[in-house]
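Topology and contacts: notes
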Amino acid sequence: MAEYIQIAVNVPRVQGVFDYHLPPELEGRLRPGHLVLAPFGPRLVQGVVLGTVAQPQVPETKAIDMLLDEQPVLTAQQLDLARHLSESCLAPLAACVSLMLPSGIGKLADVEYALTEEGEAFAGELSAGQARLHALLKERGALRGGQINRALPRKNWRSSGAALVNKGLAKTTALPPMPSARAKTVRTVEFVAAPADEKMLSKQATPRARRAKILEVLQREPGPMDADWLYAESQGSLADLHVLEELGFVRLSARESVRDPLAELAYDPSLPPHLTADQARVWDEVHKALANAQLNEVPKPILLHGVTGSGKTEIYLQAVAKALTQGKQAIVLVPEIALTPQTVRRILSRFPDQVGLLHSELSPGERYDTWRRARAGQISVVVGPRSALFAPLDRLGLIVVDEEHDDSYYEGEQMPHYHAREAAVAYARLAGAVCLLGSATPDVGSYSRTQRGGWQLLELPARILAHRDTARAHRERLGQAARYQAANEDAQALELPPVNIVDMRRELKAGNRSIFSRELQAALTETLEHRQQAILFLNRRGTATYVFCRDCGFVLRCPNCDNPLTQHLDSRSDKLLCHHCGYTRQTPKRCPNCDSVQIRHYRSGTVSVEAEVQRLFPKTRTLRWERSSTRTKGAHERILRDFGQHEADVLIGTQMLAKGLDLPLVTMVGVVLADVGLNMPDYRASERVFQVLTQVAGRAGRSPLGGRVVLQTFQPDHFAIQAAAKHDYAAFFTQESQDRRQLRYPPFAQLVRLEYRDANERKAEREARAVGERLAAMLRGRQATEMTGPVPAFFSRLRREYRWQIVLRGQQPAELIRELKLPNWRVEVDPPSLL
Ligand code: ADP
Ligand code: ZN
Ligand code: ZN
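Source: prediction; values computed, not measured.

1. Description of the coordination of the zinc ion (ligand 2)
Summarising the metal site, the zinc ion (ligand 2) is bound by the protein donors C549 (SG), C552 (SG), C591 (SG) and C594 (SG), whose distances to it range over 2.2 to 2.4 Å. Taken together, the four donor atoms surrounding the zinc ion (ligand 2) define angles of 106 to 112° at the centre, an arrangement classified as tetrahedral. Relative accessible area serves as the criterion here: at 0%, C549 is assigned to the buried category.

Take a look at the structure:
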């Protein structure tokens, strides 16, 4: 029976799954995951083999043109994962397959042809076309398709190429299109023999001396030497090397240079410490899961809930080590490499030479090299942000998701819109690997799955006392006892820093118009006097968008759905809008609650906070850390290093401060306004505020010097603020999950967000309303699914486009719209934000 091959194509203008038949020379040679070239209309496109089908979708299939790379570009498990993502994210399979290819490959790649050993030696009969190509490759070595095109103009050499490959005389390798992404080679030179007489090297004295020097240098080298080094040491040139090679005194060859992004990151190898009692208890369970996975038992995902500094990272490291001794490989996902240099460095130093690092600052070439090394099995541990999940590893034993609550794990911009945490859990299940997720502030959905979703919960309740030396040295330098000293330095655990909630309504009443309360000013004074460091945190998300009363804290809400009203950013008029039901009203002149005129938008940025620090403490050295000031490569690292080396006293920053920093000299954290973000019209607003406050508070007091947190707010009674101040995750979770259950939000319901963007405001609205009517008609009579919108999105204009959205909420709204064709709409299932 004839077999048809199904391939996924994802190149500009062609996306989909298509069926082909096999030409005779490829029969029996194709496997799932192979990269092939296939005709599509008038051109050839690249596709990934998904498998075979008995019945093609079209009556007349075309033949696959050629196999581009003998080694599959995707593992079987990666294909499974792509299928899973396509199903669960309502995204085309071809787009999901493309996620797993390095940029370049799979787009408009080129192919390199080279003779095999057999081909080099071959002297038999060939057709004219084959003989021409054979001769060309023999003369010039490996060539790309484009180069062959130029050498053999107007010849249809591709079929000759396929025939040579089929005869085993030539082989092909797929190459990404950009020259920058080609494997880089370095010329090397090796000593073969010394001349009987130096005169043999040249008749003239100068070149003779140069070449003799080359041989002298080479003779001291045990093996091949990089030509660049040789030039530097001998003053010789490539021409000299060619002469020497001709004479048989040296051998020239090439070595593949691997572009190693880690080469510039300095680190020292480190040894694992003895685990604390808490860690040992957790490790027992993780170890058991890894051992059971080895016995083919499908492991449960493990959620490791531990306060900042409780030793989670150490558990990850031990788990990776265990996976490696099992002969397996591991993926460690971190939110953003640039923001988590300390974690990354710890992984590198524990597993020297075994780690592949993927991150956004890599060049396509570096990325391609890491991908290739991973595919060749030369990397045991892959570390990186969400895309690192897609590195081609075929012995996967462990996936770690550090800071699993972090929103950067979600791909909100491009199709497919996936959450790397959810993808990691699914991938681990498909691969029979252990998935270890950790956080000090677990995602509400994750935590609820430890209660009723088959996940295992492990906890590290106490901080580990680290940095004793730093603290001691600091005190000795100052010749004084630290103020906030932990009671017993030899104790294993360290208290979490006390949090002081400051009610900002009282500050205004007391006549303090500064953005810093009296408490915060006092705490800053004290910290600076002790020459310790302070962090001032400002929540950027949502500043200047909601309206509240400075006197009583009153926030304007929608009369229909109780959501906070926010300023509609585009309208020049002073309108407030509800992003759920579309209700609008004028911004009031007086507070409806207390009649105060102090009702207005909140505006503050790191610049004004810095100015205030300078005004109050003129001699203080400040550093600002936010995304806009750190566009250049390495800027994050530099800021963190400078601050870490105490070259500044106060670090002023935004959300980035919440990510895993370990700064021992920081003894005070001030939250300039805790409630920013609380009044965002989003179902996860409270969760996000709780997370960021808890994480930021966790930056204080990571050494025996102790620490404290001052948290300023206009809503001191809000449960998320209260819970964050007490470091009480359980209290937060209980209240939050109760609210979500009542309001039917994830994890108690599914959300589907449909979003339409258009540069034309009217067109965006028209399209949104039209689709809204279609959906409303579809949903009539289905009480289980609720629709909100169409309304302008909270961020109603992004990159010059107007955004409108429709949100479906219910048991399985994704199923309802699976077959719905909505070209140009963005469809997201359970997006972590509806803003
Ligand atoms: P987390 O990942 O939960 O924030 P870490 O693993 O970074 O916690 O641990 C916090 C600090 O304690 C780090 O400085 C780390 O080096 C140190 N540490 C962790 N485990 C141990 C241990 N068993 N013995 C000594 N120090 C440890
Ligand atoms: Zn008021
Ligand atoms: Zn409303």
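2. Comments concerning the pattern of salt bridges
Per the stated rule, a full pass over the model turns up 39 salt bridges. A salt bridge links R386 to E411; the nearest nitrogen and oxygen atoms lie 3.1 Å apart. Of the two residues, R386 is situated in the loop between strand 16 (381-384) and strand 17 (396-401) and E411 in the loop between strand 17 and helix 14 (420-431); the sequence distance between them amounts to 25 residues. Among the salt bridges present, the one from E765 reaches R769, with a minimum N-O distance of 3.0 Å. Here E765 pairs with R769, and both are found in helix 24 (residues 761-779), just four residues apart, close to one helical turn.

3. So, the sheet that holds strand 13 (residues 302-306)
Within a sheet, each strand pairs with its neighbour through backbone hydrogen bonds, oriented either parallel or antiparallel. Spatially, the seven strands line up as an open sheet ordered 15-16-14-17-18-13-19, and their pairing is parallel. Only two strands of the sheet have a single partner each, and these edge strands are strand 15 (355-357) and strand 19 (456-460). Strand after strand, the sheet turns through a mean of 20° between neighbouring axes, direction not considered. As paired elements, strand 14 (residues 329-333) and strand 17 share five bridges and run parallel to each other. Paired with A330 across the two strands is L398, which belongs to strand 17.

4. Focus: the confidence of the model for the chain
Per-chain confidence: the chain averages 83 in pLDDT, with 87% of residues scoring 70 or above. Between residues 177-182, whose pLDDT stays under 50, and residues either more than four places distant or in other chains, the model counts 20 contacts. Here residues 481-492 is a poorly scored stretch, pLDDT under 50, and it has 30 contacts once near neighbours within four places are set aside; other chains count.

5. Here we look at the nonpolar core
In this structure, L85, V97, L333, L389, I399 and L693 are the most contacted members of the largest nonpolar core, which totals 105 residues. Excluding residues that lie within four positions of it along the chain, L693 makes contacts with V671, A674, L711, I721 and A724. With 33 residues, the next largest nonpolar core counts A289, V381, L398 and V400 among its residues.

6. Observations concerning unusual backbone geometry
The step from M415 to P416 runs through a cis peptide bond, and the omega angle for that step is -10°. Summarising the element assignment, P416 is placed in the loop between strand 17 and helix 14. That bond from G789 to P790 is cis: its omega, 5°, falls within 30 degrees of zero. For P790, the position within the fold is in strand 34 (residues 785-798). Notably, D353 is not glycine yet its phi reads approximately 65°, a positive angle. Tracing the sequence through the fold places D353 in the loop between helix 12 (341-350) and strand 15. Here D353 falls in the exposed class, since its relative accessible area comes to 70%. Even without being a glycine, H646 presents a positive backbone phi close to 60°. Tracing the backbone through its elements, the reader meets H646 in the loop between helix 20 (635-644) and strand 30 (650-653). Overall, H646 belongs to the buried group, its relative accessible area being 18%.

7. Overview of helix 20
The set of residues buried in helix 20 consists of A635, H636, I639, L640 and F643. Buried residues along helix 20 cover an arc of 130° about the axis, so they all sit on one side. Those residues of helix 20 hidden inside the fold are in contact with helix 12, strand 23 (533-537), strand 29 (622-625), strand 30 and strand 31 (666-671). Positive backbone phi, at 60°, marks H646, one or two positions downstream of helix 20.

8. Things to note about the pairing of strand 17
Burial runs high along strand 17: six of the six residues are buried. Inspection of the sheet shows strand 17 paired to strand 18 (residues 434-439) by four bridges, in the parallel sense. Opposite L398, over in strand 18, you have V434 as the bridge partner.

9. What to know about the packing of helix 15 (residues 444-452) against helix 23 (residues 729-743)
The contact between helix 15 and helix 23 brings their axes to 11 Å, and the two run at 95°. Taken as axis vectors, helix 15 and helix 23 run roughly perpendicular relative to one another. On the side of helix 15, the interface is formed by V444, Y447, S448 and Q451, while helix 23 contributes Y729, F732, F733, E736 and R740. Of the residues belonging to the contact of helix 15 with helix 23, the class tally is five nonpolar, two polar and two charged.

10. A look at the site of ligand 1
Taken together, 17 residues sit near ligand 1, with H274, Q279, G309, T313 and R346 positioned nearest. Separating a nitrogen atom of ligand 1 from a backbone N or O atom of H274 is a distance of 2.6 Å. K312 places a side-chain nitrogen or oxygen 2.8 Å from an oxygen atom of ligand 1. Taken by itself ligand 1 offers 550 Å² of open surface, and the protein chains cover 78% of this. At three residues, the largest contribution of residues to the shell around ligand 1 is made by helix 11 (residues 312-325). Grouping the amino acids of the shell around ligand 1 by side-chain chemistry returns five nonpolar, eight polar and four charged.

11. Side note on the layout of surface pockets
The method is simple in principle: a probe with the dimensions of a water molecule rolls over the atoms, and the space it marks as empty is what remains. Taken as a whole, the second largest pocket spans an internal volume of roughly 930 Å³. When residues of the lining of the second largest pocket are traced back to their parent elements, those giving at least two are helix 1 (76-88), helix 14, helix 15 and helix 25 (813-817). Residue contributions to the lining of the second largest pocket peak at six residues, all from helix 14. Classifying every residue of the lining of the second largest pocket gives 16 nonpolar, nine polar and 14 charged.

12. Here we look at the packing of aromatic side chains
This model, assessed by the stated rule, comprises 13 aromatic pairs. Measuring from ring centre to ring centre gives 6.0 Å for F690 and Y729, while their planes differ by 55°; the resulting arrangement is tilted. Taken together, the residues span a long stretch of sequence, with F690 in helix 21 (residues 685-697) and Y729 in helix 23 at a distance of 39 residues. The pair formed by F690 and Y729 is uniform in burial state, with each residue classed as buried. Ring geometry for Y729 against F733: centres 6.1 Å apart, planes inclined by 20°, an arrangement best described as stacked. Of this pair, Y729 and F733 both sit in helix 23, four residues apart, roughly one helical turn. Among the residues examined, Y729 registers a relative accessible area of 5% and is labelled buried. An aromatic cluster is built from Y447, F690, F719, Y729, F732 and F733, whose rings are joined through pairwise contacts. Over the ring of Y745 we find R809; its NZ or CZ atom is 4.4 Å from the centre of that ring.

Reading guide: rules and limits
- Residues numbered from 1 in each chain as written.
- Chains lettered and ligands numbered in written order.
- Predicted model: local features only at pLDDT ≥ 70, side-chain atom pairs only at ≥ 80, totals over all residues.
- Heavy atoms only, no water.
- Donors = N, O, S within 2.8 Å, 3.2 Å for Na, K, Ca; no water.
- Tetrahedral: all angles 85-135°; square planar, octahedral: opposite > 155°, others 65-115°.
- Buried < 20%, exposed > 50% of the residue type's maximum accessible area, 1.4 Å probe, protein only.
- Salt bridge = Lys/Arg side-chain N within 4 Å of Asp/Glu carboxyl O.
- Helix = DSSP H or I, 4+ residues; strand = E, 2+ residues; numbered from the N terminus.
- Pairing = 2+ DSSP bridges.
- Axes fitted to C-alpha atoms, helices over the stretch in contact; angles between N-to-C directions.
- pLDDT = per-residue confidence, 0-100.
- Contact = heavy atoms within 4.5 Å.
- Core = buried A, V, L, I, M, F, W, Y, C linked by side-chain atoms within 4.5 Å.
- Arc of directions from axis to C-beta.
- Parallel < 35°, antiparallel > 145°, perpendicular 65-115°, else oblique.
- Nonpolar A, V, L, I, M, F, W, Y, C, P; charged D, E, K, R; others polar.
- Near = heavy atom within 4 Å.
- Polar contact = N/O pair within 3.5 Å; in protein donor to acceptor, adjacent residues only side chain to side chain.
- Areas by Shrake-Rupley, 256 points an atom, 1.4 Å probe, with all protein chains shown as cover.
- 1 Å grid on protein atoms, 1.4 Å probe; cavity = no way out; pocket = protein on both sides within 12 Å on 5 of 7 lines; lining within 4 Å.
- Points joined across faces, edges and corners; volume = space filled by probe spheres on them.
- Phe/Tyr/Trp six-rings, centres within 6.5 Å; stacked < 30°, edge-to-face > 60°.
- Lys NZ or Arg CZ within 6 Å of the ring centre and 35° of its normal.

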